[in-house]
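Reading the structure
For reference, the chains in residue letters:
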Amino acid sequence: VYLCMRSWRPKLTQEAVCVYVGRDGRDGRVVPMDARAWLHFRRQTAMLAYNATFHTIFSSAFLSAMHAFSAEVKPATHLGDWQTLLVAGDVQHLRLVELAGLGGSVFGALMIHFTIIWFLRWDVEPAQLGHHVLFFGVSLVGGRRLAFSHSGIVAMAMEGSSPFLNVASVARLLDTPAAARVTLPIFLCFSILFFWLRVWAFGHAALFTLRMRLLQPEAFPAHVPLWESTVVVALWVAGWALQLYWAALIVKKAARQAQRASGQRPVVATRNATKSTKGD
């Protein structure tokens with residue numbers, strides 16, 4: 001994707017140009033994009049295009065699986081106790097346990113991929129590295145032990161918000177009427193999915209797991225060492241806290257957009273203006 005973008009040099013907004021060339025735009029001068037700035041642009045847009053494609057396919061499978069769970073969440077189905085499910089003959093949830101294990105393996109590989117990208121300096125946001133390390137640790141248990149199927153599937157389904165953010169992040173860089181029209185609606189779709197999947201659905205799953213660990217530790221799968229279960233619970237809660245941190249940033253960004261729409265002085269662009277949340 002990166003190589004295919006070598007000849008793509010679209011007209012960018014003044015704010016985007018200031019970010020890529022390393023100027024804050026206070027003096028009002030528009031500095032043309034140099035070779036280094038276009039390199040930075042190609043790296044970012046290539047990542048965003050790849051992420052949008054991957055997460056669209058990946059999250060669609062797990063959004064469907066998330067709704068396949070029975071309305072009554074029992075400890076065995078939520079925690080992925082496949083031995084209990086096998087004895088009970090619960091074929092539906094056994095298949096979901098296997099799907100969660102497969103998805104955990106794929107997601108673990110994705111987190112390794114993102115970590116390599118981070119160390120290559122294509123993405124330098126510290127919070128992203130924390131996201132990759134936290135969820136890679138969980139994927140080790142989920143994929144290796146076939147456990148925590150419900151919360152794991154919800155965690156993978158919450159990537160359904162990412163494609164909208166990826167597309168919006170590219171659209172807001174382009175200085176075209178079409179891009180200006182679609183940026184806000186796409187960002188609104190991202191915000192709705194973010195709060196539904198990452199704040200509410202994943203938060204519900206993470207807090208349920210935490211409550212079970214504190215009040216009913218004997219309900220956890222016997223084939224998983226208790227210390228591993230404890231680590232997973234801690235990582236789930238830490239991952240949800242990270243989602244809450246990102247949610248606060250979204251609210252602040254929405255407030256800035258409202259200020260601009262009301263005619264107040266726009267906020268000066270910073271290098272963080274074009275960062276993407278993968279979540280990534």
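What counts, and where the lines are drawn
- Residues numbered from 1 in each chain as written.
- Predicted model: local features only at pLDDT ≥ 70, side-chain atom pairs only at ≥ 80, totals over all residues.
- Heavy atoms only, no water.
- Helix = DSSP H or I, 4+ residues; strand = E, 2+ residues; numbered from the N terminus.
- Buried < 20%, exposed > 50% of the residue type's maximum accessible area, 1.4 Å probe, protein only.
- Areas by Shrake-Rupley, 256 points an atom, 1.4 Å probe, with all protein chains shown as cover.
- Phe/Tyr/Trp six-rings, centres within 6.5 Å; stacked < 30°, edge-to-face > 60°.
- Lys NZ or Arg CZ within 6 Å of the ring centre and 35° of its normal.
- pLDDT = per-residue confidence, 0-100.
- Contact = heavy atoms within 4.5 Å.
- Lys, Arg positive; Asp, Glu negative; His and termini not counted.
- Salt bridge = Lys/Arg side-chain N within 4 Å of Asp/Glu carboxyl O.
- Core = buried A, V, L, I, M, F, W, Y, C linked by side-chain atoms within 4.5 Å.
- Axes fitted to C-alpha atoms, helices over the stretch in contact; angles between N-to-C directions.
- Parallel < 35°, antiparallel > 145°, perpendicular 65-115°, else oblique.
- Left-handed = near helix turned anticlockwise from the far one by under 90°.
- Nonpolar A, V, L, I, M, F, W, Y, C, P; charged D, E, K, R; others polar.

Description of the overall build of the protein chain
A tally of regular secondary structure across the protein chain gives ten helices and zero strands. Counting from the amino terminus, the protein chain carries its helices and strands in the arrangement α-α-α-α-α-α-α-α-α-α. Sorting the 280 residues of the protein chain into buried and exposed places 48% on the buried side. Summed over its atoms, the accessible surface of the protein chain is roughly 13,900 Å², and 66% of this surface lies on carbon and sulfur atoms.

Details of the packing of aromatic side chains
To describe a pair of aromatic rings, one takes the distance between the centres and the angle between the planes. As enumerated under the stated definition, the model contains 17 aromatic pairs in all. Between Trp-38 and Phe-41 the ring centres are 5.5 Å apart and the planes differ by 85°, which places this aromatic pair in the edge-to-face class. In this pair, Trp-38 and Phe-41 both sit in helix α2 (residues 35-68), three residues apart, roughly one turn of the helix. We note that Trp-38, like Phe-41, is buried. Ring geometry for Phe-194 and Phe-195: centres 5.8 Å apart, planes at 70°, overall edge-to-face. Relative accessible area serves as the criterion here: at 0%, Phe-194 is assigned to the buried category. Each member of the aromatic cluster is reached from another via a ring pair, and the members are Tyr-50, Phe-54, Phe-58, Phe-62, Phe-107, Phe-135, Phe-202 and Trp-236. The ring of Trp-118 has Arg-121 sitting right over it, with the charged end atom 5.5 Å from the ring centre. In this arrangement the basic side chain of Lys-253 is found over the ring face of Phe-187, its NZ or CZ atom lying 5.8 Å from the centre.

Looking at the confidence of the model for the protein chain
In regions of low pLDDT, the predicted coordinates are not meant to be interpreted in detail. For the protein chain, the mean per-residue pLDDT works out to 86, and 89% of the residues sit at or above 70. Note that pLDDT drops below 50 for residues 265-280; the model gives that stretch 53 contacts with residues more than four away or on any other chain.

Let's talk about the side chain of Arg-42
In this fold, Arg-42 is placed in helix α2. No salt bridge is formed by the buried Arg-42; the nearest opposite charge belongs to Asp-34, separated by 9.8 Å. Sequence-distant contacts of Arg-42, that is, excluding residues within four places in its chain, are made with Tyr-2, Met-5 and Arg-6.

Things to note about the nonpolar core
Residues Phe-107, Phe-135, Phe-148, Ile-153, Phe-202 and Trp-236 are the most contacted members of the largest nonpolar core, which totals 40 residues. Elements that contribute at least two residues to this core include exactly α2, α5 (91-119), α6 (126-145), α7 (149-157), α9 (177-215) and α10 (226-261). Those residues in contact with Phe-135 that lie beyond four places of it in its chain are Phe-107, Met-111, Ala-155, Met-158, Phe-202, Trp-236, Gly-239 and Gln-243. Ala-16, Val-17, Ala-171 and Leu-173 belong to the second-largest nonpolar core, a separate cluster that totals 15 residues.

Quick notes on the environment of Val-232
You can see Val-232 is positioned in helix α10. C-alpha separation for the pair Val-232 and Leu-140, spaced 92 residues apart in sequence, amounts to 9.5 Å. Beyond its immediate stretch of four places on either side in the chain, Val-232 contacts Val-138, Val-141 and Phe-148.

Some thoughts on the pattern of salt bridges
Note on pairing: side chains with opposite charge can pair once their charged atoms come close. Per the counting criterion, the structure on display carries three salt bridges. For Arg-145, the salt bridge is made with Glu-228, and the minimal N-O distance between the two is 2.9 Å. Here Glu-228 lies in helix α10 and Arg-145 lies in helix α6, a separation of 83 residues in the sequence. Of the residues examined, Arg-145 reaches a relative accessible area of 22% and is grouped as partly exposed.

With respect to the packing of α2 against α5
Put simply, α2 and α5 touch, their axes get as near as 11 Å, and they point 160° apart. One finds that α2 runs roughly antiparallel with respect to α5. In the packing of α2 onto α5, the handedness of the crossing is left-handed. Contacts from Met-47, Tyr-50, Asn-51, Phe-54, His-55, Phe-58, Phe-62, Ala-65 and Ala-68 of α2 reach α5 at Gln-92, Leu-96, Leu-99, Gly-103, Val-106, Phe-107, Leu-110, His-113, Phe-114 and Ile-117. Residue classes in the contact of α2 with α5 are distributed as 14 nonpolar, five polar and no charged.

Here we look at helix α8 (residues 162-171)
Judged by how many residues are buried, α8 sits mostly within the fold: eight of ten residues are covered. Within α8, the full set of buried residues consists of Ser-162, Pro-163, Leu-165, Asn-166, Ala-168, Ser-169, Val-170 and Ala-171.

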